[in-house]
Structure formats: C-alpha cells, structure tokens
Amino acid sequence: MTRTANVSMVLMVMLAVTIGACNKKTPPVVRPQPPVTGNTTTPPSPPRPPDPITEPMPMPPEPLKDDSLTSNSLDDLNRDSPLKPVFYDLDSSDVNADGQQILQANAAVLKRYPIWQITIEGHCDERGTAEYNLALGERRALAAKTYLVSLGIAADKVRTVSYGKEFPFDAGHEDNAWSKNRRAHFVITAK
Amino acid sequence: MTNIQLGTIRWGQTFLVRRSAWRAGGRFVRSVALLVAASAVVAAQTPAQPAAPPQQQQPTSVELRLTGDAGSPPRLAVPDLLSLSPDRETQEAAKTIAEVLWNDLHFEREFDLIPRDTYKSIPLAGSIDAVPFDRWRELGADGVLIGTVQKTAAGVRVEMRMYNVRARASAYGREYSGSAANPRVYAHTMADELHDSQRSLRGVARTKLAFSSDRNREPVVNTIEKREVKEIYVSDYDGANQRRITINRALNITPSWSPDGRSIAYTSYRSGLPDILISNIFAGTMETPTKGVGQNFLPVFSPDGTRIAFMSSRDGNSEIYIVDRDGRNLTRLTNNPAIDVTPTWSPNGAQLAFTSERTGSPQIWVVGVDGTGLRRISYESYADRPTWSPPPYNEIAFAARTGPGYDIKILNIGSGETRQITFGEGSNESPAWSPNGRHLAFMSTRAGRSQIFTTDRDGRNVRQLTRDGNNTTPNWSQ
C-alpha cells in the first residue's frame, strides 16, 4: 500500500513538472495536491493527455480508496471508517490477539495519514454497572491507544474518551449485542 | 432557571381555635411548649458518630401525641380539605393537598393510613364544631386531618388541623399561605411537620431527587452515531414535578446534590470530554471545580458541602481525588494501577467508600480522607456504587452482581452483615439513600427500560417514579 502511494506521488510530481515545463504561462506554483484526481480526468490545461502516465499503473482499486479517504468529508469517512473497532471480553480491557491484528491494520492506515487526529471511544456493555463502566471504558480506550503508540503512532494524535455503557451500538440484551458494545471505537476528528 | 423553588411559604402555629372548645386550644398551647423542650433535648444529644443502632421512634410527650391501640401505629384519616372558595383551582387544591398528604404520611409508615375512598360519605368540616367525631370513631380512626383552603389576593391560604378522635380535641394545627401554583408543597410541609412533632422523625416529603434522562430524544451533535443526549432532571421525592435543569445537549450523568439543595454536581460531556460541572439551580450559574484538568467523573459533595470527591484519569489511571469546591487543595487518595472509582462520603466526612478492582474484581473499599485506614469491606463477585447511609444507621448500600444483572444490597458496617433488598426483578443499580436513611432511590430495568424507583430500607414499598425514556443514576437531596 505505502509503495503504491509513493509511486503515485512520484507520478504526480512528474506530471506536474511536465505541465510546468510545457506551459510557461501558468505560474510555477505546484501545490502538492492530494492524489484526488489520480484517474483519467483531464488536467486544466494539458499539453498532452496523461495517458502514458496512468496506463502503466495497473493498480487495483486501492489507490481509488486512498483518494476517497482524502477527499471525503469527516462524516463520510467515519461512516465507512478505515479504522476498525476493537472488541473486548467481558469485564476486560485487555487487547486480545484479534484486537492486536485490528490495531495493527489501524496503525498502518494512520501511518499513511499522519495528519489525522483520532479519538478512541471506550464503550462497555450493560452487564457492568453504569459507574464502574465509566472507568472500564476509559481503560479500554487507553489500552487501544497504548498499543497504537507502541506501533509508532504519535501519542498526541490520539485522544481517548470513555462513554461507559451510555451509548451502546446495539440496543439488544443478548450476547450478540453485548459483544458489539464492548469496544474501542475509532473516530477521525481532523484530517 | 427552572422554577423548582418551593415558593414562599409562611407558616405559623395557628393556635386560634376560635370557635372550637377552649379546652382544645389550651391543650394545644401546652403541647407546643413541650415539643420545643423535646426538640432542644434532641439537638443537644445529636451524636457525632453514626454508631447508634436504628432507634425506634419513641414518643417524648405521649399525652400530646396521637396514639393508636397498644403496639400499633395511630390510624389516620385524611379526607379532602374543604374549599372555602368556589373556583375550580381552589377546589382542586383541596383535593390534591389531601391526596398528597395521605401519600406523604403513608410513605414513612409511622401512621396507619385509612384508604381515602372508605370515608367519602363523611361530610367535610370547616371547624371543630362540624367534625362528625362519631363517624370517624366508627371508622376506627384515632386521628383525622381536617383542613380548609381559601383563595386570597396573594394566592391561597391553607389551614390544617389534626384532631384526636377519642378526645374530640385538636392535637395539632398549621396554617400556610403562599402561591397557588403548586399546592403539593403545603401537603409536603404539613407531612414533614407532623412527622417531626408527632413521631420525632425527619420526613422526606420536601426532599428532591436528581437523575439523568434521555427523554428529550435529542440527537447528540458532532457524531455520525445514533446517540441521544442525557440531561439532568430533578423531581419531588414522589416523582412529581419532573424538570430538566441542564440544557447542554450532551451526555450528563451521575448528579449529586449539595447538602443545602441549591447545587447539583454531575459528570458532563458538554465540552466533548467528561468533566465535573456544578449547576447552581436557583442562581442559574455554573462552576467548574476541576478547572479543566484531565477527564473527571462521578462527583459527590462532602457532607459539609465544601469539598468534592471524584474519579479522574488525569494521572493516567482511574483514581479517587478530593478537591475544594473552588478548585483548591487537590488531594489524590488512591494510588493503584487497578481501577478506583465511584466514591461516597461517610456522614461525618472523615472517610470515603469507593469501588476498586485491585483484587481482580470490583469491590467496596473504605479509606480515610487522609489516605489512611484502607480496607476492603465487600466480598461479592462484583460490587459498585457504594452509598453511605446517614445516621443513625451505619450502612453502605451498593449494587452487587447476582446473576445476569444486579441487585441492591446493604452492608452493616458495624456487624459486617449484608442483606439484600431487591431480588432479580430486572437489573437494579445505583442506590441512593434518602436523608433520613429509611428509603433508597435506585435504577431498575424491571419495567423494561431503565427507570428510577424508590423503596424502603427493608425492600418494601417499591414505587416507580419515572416512565418517560431511560432514567438513570438517581441521587436524593438532603
């Protein structure tokens, strides 16, 4: 993934240089535009179509996904978030093996977008008491943050907040709902 | 701010039993003198330590108190008051005051209240001459509360008198005047004064509850999740007059009354992160005792109202802290990598009980406010929300995991014995003592959603107070 991003950045720079060289009238202000228009849309004043540039990149839809992550609004981004929730066992704030895998994937995303600010919300199921769950949710969020930081994510990009059992994701009262509600939930708050 | 003030009530002991027999008036004046003496004695021997066992309410001036048959509480009737004004509002007030007074007196179980529908046929009386004592005697009443309501320029005047049916004499009288907006306060005031003078009991009829509710169904802003705000509400002790006191459209939970009943501290996510706010509900102002440092939860006022105990994660882990109400003198009380949470003050302010999972599961612990004397007091599979009773009881109520859900248990600190007062009807959490220690408010899911209930300290007389939305984390005013 990172290699893909790097390649497309290089291509963008090449394209920009080409454009700048061929069209003296446009000011040479070449902003490092985010790779929004990596597909075949025509640049404003193209001396020649960028076919040869896009052609040799037979990349699967991943670059497109990258594009949407950068161009979408925060709400859209969070609605289909690239940061997946981590789930916990009953009464526990330990990040288990599944959770570690998810956090590793989340860390990889965050490393690609180092300017993102995120909040980790700690949530609990209704089987704990309202008061104790405020502390348990705090601890769950912190456990997820600590693991992310151990993977190289800057601590100051990650905020935590506990909601105890106040905002369940599934209003049900059985195992399935409870397991969904014991989670660290990731929200992108700035990009 | 909201109008939850009780209005101006002026009351005086009305000894003017003008048209009644002079002996009744003479008896009453004497009773007042004796009662003053009795309350002076009570005040002088108020114990500093809550070690005394639950005492029976012993009459200190037997002659003046309404008595029932030996060994049983006095049987009392509370017919509608007589409306001296023809307007609908006054007539309704006459009925409401009697109903509420009946409920208030029934709540403390100090009198045997005769059901009101059994004496509808007995004519109302405006004076002692008109009281049909034979009829009340026939009903088996030891006492009957007779009163009048009259519309005045300023609002309303309420006069109430307790008659001793056997002696055919007035045992007690009160007159109140004030706003006609909420006639329930006259009943509540009369009930508290009757309990005080007749049973030496501090009633709770004028106390309030605070709790958190999502009944507005307003969405939380700045999230794509489907979440509803929770605001802090207050109500009378019986659930009447439920009113919202916060309007910040965020999560607001775990309210705690100041001892003077003028402020409520609570956990608010108004800024996006949990912090402690104090709303001065009459002044309409707010305080932030933690001054924006860290994330702070679960405030509880000290018994003298000058300090606040709370949980904070400011040092990287959930710990218990104490801070002056103005933000000074922050003290950290716990220092353990495990979760420490949910503090409650002992009645004399010298100790805190709190929840700690340092032994692997959440249990109730006690520590002195100077950090000494740390000890574990509960041995449950899971225990939380300790709440320390007022004197004379020395007990801690808490929520204990008893199955899939929780039940309310009460631990007697002196004997170490624990008793259970709810039994698996839904999940029962967040107990809060009434100021006289005879009742608890708690949250239960027994009726479906989370609702506020009250119960007596023995688990009897469970009443549901809320029905709209989810209602949680109750707290009872002093």
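See above for the structure.
Quick caveat: nothing in here was measured; it's all calculated off a predicted structure.

(A) Molecular detail of helix α2 (residues 88-108) of chain B. Residues and elements named next belong to chain B. Here α2 contains 21 residues, and its C-alpha end-to-end distance of 31 Å stays within 8% of the 30 Å for a straight helix at 1.5 Å per residue. Along α2, the residues classified as buried are Thr 90, Ala 93, Ala 94, Ile 97, Ala 98, Val 100, Leu 101, Trp 102, Asp 104, Leu 105, Phe 107 and Glu 108. One or two steps after α2, the chain reaches Arg 109, where phi turns positive at roughly 60°.

(B) Structural context of the interface of chain B and chain A. With 39 residues of chain B at the interface, the matching set in chain A holds 29 residues. In this assembly, chain B packs against chain A so that about 2700 Å² is buried in total across both faces, 56% of it on carbon and sulfur atoms. Interface area lost by chain B to chain A is led by Ile 224, Arg 227 and Ile 339 of chain B, which between them contribute 23%. On the surface where chain B and chain A come into contact, there are five salt bridges. We note a salt bridge from Asp 91 of chain A to Arg 401 of chain B, for which the minimum N-O separation is 2.9 Å. Our count for the contact surface shared by chain B and chain A stands at 18 residue pairs in polar contact (both at pLDDT 80 or more). Class assignment of the residues belonging to the side of chain B that touches chain A gives a composition of 19 nonpolar, eleven polar and nine charged.

(C) Main features of the pattern of salt bridges. Residue and element names in this part refer to chain B. Evaluation of the coordinates by the stated rule reveals 40 salt bridges over all chains. Across the pair Asp 458 and Arg 460 runs a salt bridge, and its minimum N-O distance is 3.8 Å. According to the relative accessible area criterion, Arg 460 is partly exposed, its value standing at 48%. Bridged by salt links that share partners, the residues Glu 108, Glu 110, Arg 199 and Arg 438 form one connected network.

(D) Spotlight on the sheet that holds strand β28 (residues 439-444) of chain B. Residues and elements named next belong to chain B. Spatially, four strands are ordered β27-β28-β29-β30 in an open sheet, and the strand pairing comes out antiparallel. Unpaired on one side and paired on the other, β27 (428-433) and β30 (463-464) mark the two borders of the sheet. Two elements, β28 and strand β29 (residues 451-456), share six bridges in a ladder whose sense is antiparallel. Opposite Leu 440, over in β29, you have Thr 455 as the bridge partner.

(E) Just the packing of aromatic side chains, in detail. The full count for this structure, using the stated rule, is twelve aromatic pairs over all chains. With centroids separated by 5.4 Å and ring planes inclined at 70°, the aromatic side chains of Tyr 132 of chain A and Tyr 382 of chain B adopt a geometry described as edge-to-face. Of this pair, Tyr 132 of chain A sits in helix α6 (residues 130-150) while Tyr 382 of chain B sits in the loop between β22 (375-376) and β23 (383-388), on two different chains. With 6.3 Å between their ring centres and 35° between their planes, Tyr 176 of chain B and Tyr 186 of chain B make a pair best called tilted. Residue Tyr 176 of chain B is found in strand β7 (residues 169-178), and its partner Tyr 186 of chain B is found in helix α4 (residues 184-199); the two are separated by ten residues along the sequence. The exposure classification of Tyr 176 of chain B matches that of Tyr 186 of chain B, with both residues buried. Grouping aromatic residues by their ring pairs yields a cluster made of Tyr 132 of chain A together with Tyr 382 and Tyr 406 of chain B. The residue whose ring lies beneath Arg 199 of chain B is Phe 111 of chain B, and the NZ or CZ to ring-centre distance is 5.8 Å. Just above the ring of Tyr 163 of chain A sits the side chain of Arg 227 of chain B; from NZ or CZ to the centre is 5.2 Å.

Procedures and definitions
Residues numbered from 1 in each chain as written. Chains lettered and ligands numbered in written order. Predicted model: local features only at pLDDT ≥ 70, side-chain atom pairs only at ≥ 80, totals over all residues. Heavy atoms only, no water. Helix = DSSP H or I, 4+ residues; strand = E, 2+ residues; numbered from the N terminus. Expected span 1.5 Å × (residues − 1). Buried < 20%, exposed > 50% of the residue type's maximum accessible area, 1.4 Å probe, protein only. Contact = heavy atoms within 4.5 Å. Buried area = accessible area lost by both parts, 1.4 Å probe. Salt bridge = Lys/Arg side-chain N within 4 Å of Asp/Glu carboxyl O. Polar contact = N/O pair within 3.5 Å; in protein donor to acceptor, adjacent residues only side chain to side chain. Nonpolar A, V, L, I, M, F, W, Y, C, P; charged D, E, K, R; others polar. Pairing = 2+ DSSP bridges. Phe/Tyr/Trp six-rings, centres within 6.5 Å; stacked < 30°, edge-to-face > 60°. Lys NZ or Arg CZ within 6 Å of the ring centre and 35° of its normal.

Nothing here speaks to function; it is all geometry.
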